[in-house]
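Examining the three-dimensional arrangement
Take a look at the letters that make up each chain.
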Amino acid sequence: QKNDLSNVVILATGGTIAGVGETGAQAGYTSGQVGIETMINSVPGIEKLANLTGKQISNVGSQDMSIKIWLKIANRINELLASEDVDGIVITHGTDTLEETAFFLNLIVKSDKPVVTTGSMRPSTAVSAEGPLNLYNAVAVAAHPDSKGRGTMVVLNDQIHAARAVTKTNTNAVQAFVSPFRGLLGSVIYGQIEFYRKPFGVHSTESIFSVDDISSLPRVDIIYAAADSSADLIDLSIKAGVKGIVIAGVGNGNMNTAMLEACKKAVNQGIVVVRSTRLPSGYVIRNAEVNDDEIGTIASDDLNTAKSRVLLMLCLHETKNAKDIQEIFYNY
Ligand SMILES: NC(=O)C[C@H](N)C(=O)O
């Protein structure tokens, strides 16, 4: 197009932002019902921010987001961003697994052009649905030259988060997304952007991971630790042939003796085990109460459990070496 606006492509995947309920004031609704054209048309003034194209990739609640769809999105983004005609990407997505998709893309997109994910907590039919403003702000961020080189971002409720830092912290409140440990990347108020910082960690063009040689990812299970929790699930995972296990540990990635013994068994069978924490914030520190050097486990640093699984799946596609994987957990 012959104007000064950036060219932004919106890839729609579903979620509550595309959700529909019978009335405007009820908790029940179905995710992933409204198509991308209807979503764009519901945002007055969005056409003034960028030249927009919309594409439907999937239309699912993000509880049904899959590795297959991730690969489809990543391939499509790489294709689009390789073109001089595309300046930025917006992805509309359910919020349940939004942080996993955003982190996956942060690791695998081969461009420094902005990739901005967004969603909503209220369905499109709700009284005070916030999806349209989130989409407006996401397009504003994707269209802005300052957004380059900041990896994949998550924009909701006037805030710009880095994919690595952000997590969903509330089941239904509009202010659900928080970057509890590393803080916000910036803010966006009715399309006005202010960035506070660059993202920490290796991402995008600097990342060793590439979607080109991936058609599937190895199975990695998550196992949650609690007082007196059973080690049976670890044994089941081993039997099921997993390649990796992420423990959602108590405190600093701790677990009871039975679970730790089962983890040792897993490591001895060539399964890579990452210790993360079920807490919302803080580092899992190597060799604190668990001797990772001796057992061969990996500390998740400040990556949460779900994102540790994403990173471990990608790592296992490249290497099984625990030392190398630990370095990646520290640096990405
Ligand atoms: N607010 C939401 O988007 C939740 C929905 N279950 C989803 O992730 O698709």
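Residues numbered from 1 in each chain as written. Predicted model: local features only at pLDDT ≥ 70, side-chain atom pairs only at ≥ 80, totals over all residues.

What counts is decided by this rule: UniProt positions are given in the numbering used here, feature names are shortened, and annotations may be inferred rather than shown by experiment.
The name recorded for the protein in an unreviewed UniProt entry is Type II asparaginase, from Mesohalobacter halotolerans. Turning to the protein, the UniProt record has this under Sequence similarities (unreviewed entry): "Belongs to the asparaginase 1 family."

A few points about the sheet that holds strand β10 (residues 192-195)
How we decide: Here the rule is simple: two strands pair whenever DSSP picks up at least two bridges between them. Helical segments are the DSSP runs of H or I of at least four residues, strand segments are the runs of E of at least two, and each set is numbered from the N terminus. Fitted lines through C-alpha atoms serve as axes, helices being fitted only where they are in contact, and the angles separating the N-to-C directions of these axes extend from 0 to 180 degrees. Here, residue contact means that the backbone-derived C-beta atoms of the two residues sit within 7 Å.
Read from one edge to the other, the open sheet built from eight strands follows the order β2-β1-β3-β4-β5-β6-β9-β10, with strand pairing classed as mixed. Because the sheet does not close on itself, it has two edges, and the strands there are β2 (50-60) and β10. In this sheet, adjacent strand axes meet at a mean angle of 25° when their direction is disregarded. Pairing of strand β1 (residues 6-14) with strand β3 (residues 88-92), which is carried by five bridges, proceeds in the parallel orientation. Within β3, the position partnered with I10 by the bridge is V90. Packing against the sheet, helix α3 (residues 98-108) makes contact with β4 (115-118) and β5 (152-156), and its axis sits at approximately 150° to β5.

Overview of the site of the ligand
Counted only if it meets this: A molecule or strand has a residue near it when that residue's C-beta atom, placed from backbone coordinates, lies within 6 Å of it. Gly falls in the polar group here, along with every residue not listed as nonpolar (Ala, Val, Leu, Ile, Met, Phe, Trp, Tyr, Cys, Pro) or charged (Asp, Glu, Lys, Arg).
Around the ligand, the neighbouring residues are G15, T16, S31, G61, S62, Q63, G94, T95, D96, G119 and M121. Of the residues assigned to the shell around the ligand, the class counts are one nonpolar, nine polar and one charged.

With respect to unusual backbone geometry
Of note, S204 is a non-glycine position whose phi angle comes to about 50°, a positive value. Structurally, S204 is set in the loop between β10 and β11 (220-224). Unusually for a residue other than glycine, N287 sits at a positive phi of about 55°. For N287, the location among the structural elements is in the loop between β13 (272-277) and α7 (292-295).

Considerations on the domain arrangement of the protein
Stated formally: Domains are outlined according to an automatic or database domain assignment.
Domain annotation of the protein identifies domain 1 (6-206) and domain 2 (219-331). Averaged C-alpha coordinates put domain 1 and domain 2 at centres separated by 29 Å. With 11 residues of domain 1 in contact, the opposing surface of domain 2 contributes 11 residues. In terms of residue count, the dominant contributor to the side of domain 1 that touches domain 2 is α3 (five residues). The residue inventory of the side of domain 1 that touches domain 2, partitioned by class, reads six nonpolar, three polar and two charged.

Remarks on helix α6 (residues 257-268)
Note the threshold: Residue count minus one, scaled by 1.5 Å, sets the expected span of a helix. Partly exposed residues are those whose C-beta has more than 12 but fewer than 20 other C-beta atoms within 10 Å; 20 or more makes a residue buried and 12 or fewer makes it exposed, with C-beta atoms placed from the backbone. Taken from the helix axis, the directions to the C-beta atoms give the arc we talk about.
For α6, built from 12 residues, the straight-helix expectation of 16 Å at 1.5 Å per residue is met to within 8% by its first-to-last C-alpha distance of 16 Å. Within α6, the full set of buried residues consists of M259, L260, A262, C263 and A266. Summarising the axial view, the buried residues of α6 lie within an arc of 160°, below the 170-degree limit, and thus occupy one face. Opposite the buried face of α6, by more than 90 degrees, sit the exposed residues T257 and N268. Following α6 by one or two positions, G270 adopts a phi angle in the positive range, close to 90°.

What to know about the confidence of the model for the protein
Reading predicted coordinates in detail is not appropriate for stretches of low pLDDT. Our working definition: Predictor confidence is given residue by residue as pLDDT, running from a minimum of 0 to a maximum of 100.
Averaged over all residues, the pLDDT of the protein is 97; the fraction at 70 or higher stands at 99%. This prediction of the complex comes with two scores: 0.97 for pTM and 0.97 for ipTM.

Notes on helix α9 (residues 322-331)
All of the buried residues in α9 are I325, I328 and F329. Summarising the axial view, the buried residues of α9 lie within an arc of 100°, below the 170-degree limit, and thus occupy one face. Along α9, the residues that are exposed and aim more than 90 degrees away from the buried face are K323 and N331. Looking at the packing, one finds that the buried side of α9 touches β13, β14 (298-299) and α8 (305-318).

Remarks on the environment of I17
Along the polypeptide, I17 turns up in the loop between β1 and α1 (36-41). The class for I17 is buried, based on 30 C-beta atoms found within 10 Å. Between the alpha carbons of I17 and S120 there is a distance of 4.8 Å; along the sequence they are 103 residues apart. Those residues in contact with I17, other than ones at most four positions away along the chain, are T92, G119, S120, S124, G131 and N134.

A word on the UniProt feature "active site" (unreviewed entry) in the protein
Following the UniProt record, the feature "active site" (unreviewed entry) maps to T16 and T95 here. Across 80 residues of sequence, these annotated residues stay compact in space, with a maximum C-alpha separation of 7.5 Å. Along the chain, T16 falls in the loop between β1 and α1. According to the C-beta neighbour criterion, T16 is buried, with 30 such atoms within 10 Å. Discounting chain neighbours no more than four positions away, the residues touching T16 are S31, G94, T95, G119, S120, M121, R122 and P123. Mapping T95 onto the fold places it in the loop between β3 and α3. By C-beta crowding, T95 is classed as buried, having 24 other C-beta atoms within 10 Å. The contacts of T95, once residues within four sequence positions are left out, are G15, T16, S62, G119, M121, K168 and A176.

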